[in-house]
Amino acid sequence: MVGQLKLSNRMHGGRHCQGAKRNVKGKDKFEDNNYSPPLRLGDAVKPMEVVSDLVATWQVPMSDKMYKIEFEHGIATGKRILRVDEKEVVRHDWMFKLVGREMFELNGVRCAVTIDAVGILAYEYSLTVGGKTFEKFREQQKKSLQIWHVRTGEEENRVCLEKDTMDVWVNGVKVNTTGEFADEGTKTHFELATAGSSAYILSESSGNRHIGMVHRLFVNDSLIKPSELVDDERSENNAK
């Protein structure tokens, strides 16, 4: 004979659930619509969702490449993890002090991620590169670097010109160059990684003192459109 239904709260499997308790032939049986039967050997186990402590990401343009900086900060444990292009360079699993600074280098340039408290359990994260704030450094790089992405055949090449020194970087390596005076200005010749591809940068005056020199890249006599500093916004160029 089924007895009277009574509402009951219980902890089941780590969850607080509400169900109905009734007497069935002298035995208590807990009915819970959220009930999950215990796992048996061979049952598939659904992986637990991992909560990330990632709090900040920066894209830092350098002559050799675009670096991706990721910083994790655990409020409960003080954990700090700093990654450069997905490679850990700093790791502290437990720290009592929740504010502070982590130092590292990018292409020989000293950098720092700073943690500042801005309220109760609220923090601000800032990046400095070469002693400059990330915003100022990025603006400086926009003025001093000219970048192109060139596809020749099946390969893509990243070409970077340092305007102040006229050094040329191809795929993260500074290459040898040869200068030549021309009627239009100055040509800086260099080689791409792809065999048989001739390249030069033509530098000439813009006629505007606020703009200064203008630099254009030619690969196999084809003009290449310059790219943005952020790699994921780049436009691919084809040189035949």
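Residues numbered from 1 in each chain as written. Predicted model: local features only at pLDDT ≥ 70, side-chain atom pairs only at ≥ 80, totals over all residues. Heavy atoms only, no water.

The name given to the chain in an unreviewed UniProt entry is Fas apoptotic inhibitory molecule 1, and the organism recorded there is Globodera rostochiensis.

Caption draft 1: The arrangement of the overall build of the chain in detail. For the chain, the count of helices and strands is one helix and 21 strands. Looking at the chain as a whole, 36% of its 240 residues qualify as buried. Here the contacts in the chain between residues at least 6 apart in sequence split such that 29% fall between residues at least 24 apart. Put simply, the chain shows about 16000 Å² of open surface, and 50% of that area lies on carbon and sulfur atoms. (Helix = DSSP H or I, 4+ residues; strand = E, 2+ residues; numbered from the N terminus. Buried < 20%, exposed > 50% of the residue type's maximum accessible area, 1.4 Å probe, protein only. Contact = heavy atoms within 4.5 Å. Areas by Shrake-Rupley, 256 points an atom, 1.4 Å probe, with all protein chains shown as cover.)

Caption draft 2: Highlighting the packing of aromatic side chains. Across all of its chains, the model carries three aromatic pairs by this definition. A ring pair is formed by tryptophan 94 and phenylalanine 96, whose centres lie 6.0 Å apart and whose planes are at 85°; its orientation type is edge-to-face. For the pair formed by tryptophan 94 and phenylalanine 96, the shared burial category is exposed. Between the NZ or CZ atom of lysine 65 and the centre of the ring of tyrosine 67, over which it lies, the distance is 5.2 Å. A cation over a ring is seen here: lysine 187 above tyrosine 200, with NZ or CZ 4.7 Å from the ring centre. (Phe/Tyr/Trp six-rings, centres within 6.5 Å; stacked < 30°, edge-to-face > 60°. Lys NZ or Arg CZ within 6 Å of the ring centre and 35° of its normal.)

Caption draft 3: Representation of the sheet that holds strand 6 (residues 80-84). The four strands lie next to each other as 4-5-6-7, forming an open sheet whose pairing is antiparallel. Pairing within the sheet leaves two strands with one partner each, and these edge strands are strand 4 (54-61) and strand 7 (87-92). Going across the sheet, the axis of each strand differs from the next one's by a mean of 15°, ignoring polarity. The sheet contact formed by strand 4 and strand 5 (residues 66-73) spans seven bridges and is antiparallel. When the sheet's bridge partners are listed, tryptophan 58 is paired in strand 5 with isoleucine 69. (Pairing = 2+ DSSP bridges. Axes fitted to C-alpha atoms, helices over the stretch in contact; angles between N-to-C directions.)

Caption draft 4: The confidence of the model for the chain, seen in detail. With 72% of its residues at a pLDDT of at least 70, the chain reaches an overall mean of 78. Residue range residues 1-35 is modelled with pLDDT below 50. Its contacts to residues more than four positions away, or to other chains, number 48 contacts. Confidence over residues 231-240 falls short of pLDDT 50; this stretch has 28 contacts with residues more than four positions distant or in other chains. (pLDDT = per-residue confidence, 0-100.)

Caption draft 5: Highlighting the sheet that holds strand 16 (residues 178-181). On the basis of which strands lie adjacent, the open sheet formed by five strands has the order 16-17-18-19-20 and antiparallel pairing. Sheet topology places strand 16 and strand 20 (222-224) at the edges, where each strand pairs with a single neighbour. Pairs of neighbouring strands in the sheet enclose a mean axial angle of 30°, with direction left out of account. In terms of strand pairing, strand 19 (residues 213-219) meets strand 20 through three bridges, oriented antiparallel. Across the sheet, the residue bridging to valine 219 is serine 222, located in strand 20.

Caption draft 6: View of the environment of isoleucine 115. Here isoleucine 115 is to be found in strand 9 (residues 109-119). For isoleucine 115, a relative accessible area of 1% translates into the label buried. For the pair isoleucine 115 and histidine 73, spaced 42 residues apart in sequence, the C-alpha to C-alpha distance is 9.1 Å.

Caption draft 7: Inspection of the pairing of strand 18 (residues 198-205) at higher detail. Counting buried positions along strand 18 gives six out of eight residues, so the element sits mostly inside the fold. By the bridge criterion, six bridges tie strand 17 (residues 186-191) to strand 18 in an arrangement that is antiparallel. The residue bridging threonine 188 from the neighbouring strand is isoleucine 201, located in strand 18. Alignment of strand 18 against strand 19, held across seven bridges, turns out to be antiparallel. When the bridges of strand 19 are listed, tyrosine 200 appears paired with phenylalanine 218.

Caption draft 8: Region of the structure containing the nonpolar core. Counting 22 residues, the largest nonpolar core has Trp58, Val60, Ile69, Phe104, Leu106 and Leu127 as the members making the most contacts within it. Among the elements that take part in this core, strand 10 (residues 122-129) stands out by supplying four residues, more than any other. With residues near it in sequence (within four places) discarded, phenylalanine 104 still touches Ile69, Leu82, Val84, Val89, Val109, Arg110, Cys111, Ala112, Val113 and Leu127. Judged by nonpolar contacts, the second largest core, of 13 residues, contains Leu161, Val170, Leu217 and Ile224. (Core = buried A, V, L, I, M, F, W, Y, C linked by side-chain atoms within 4.5 Å.)

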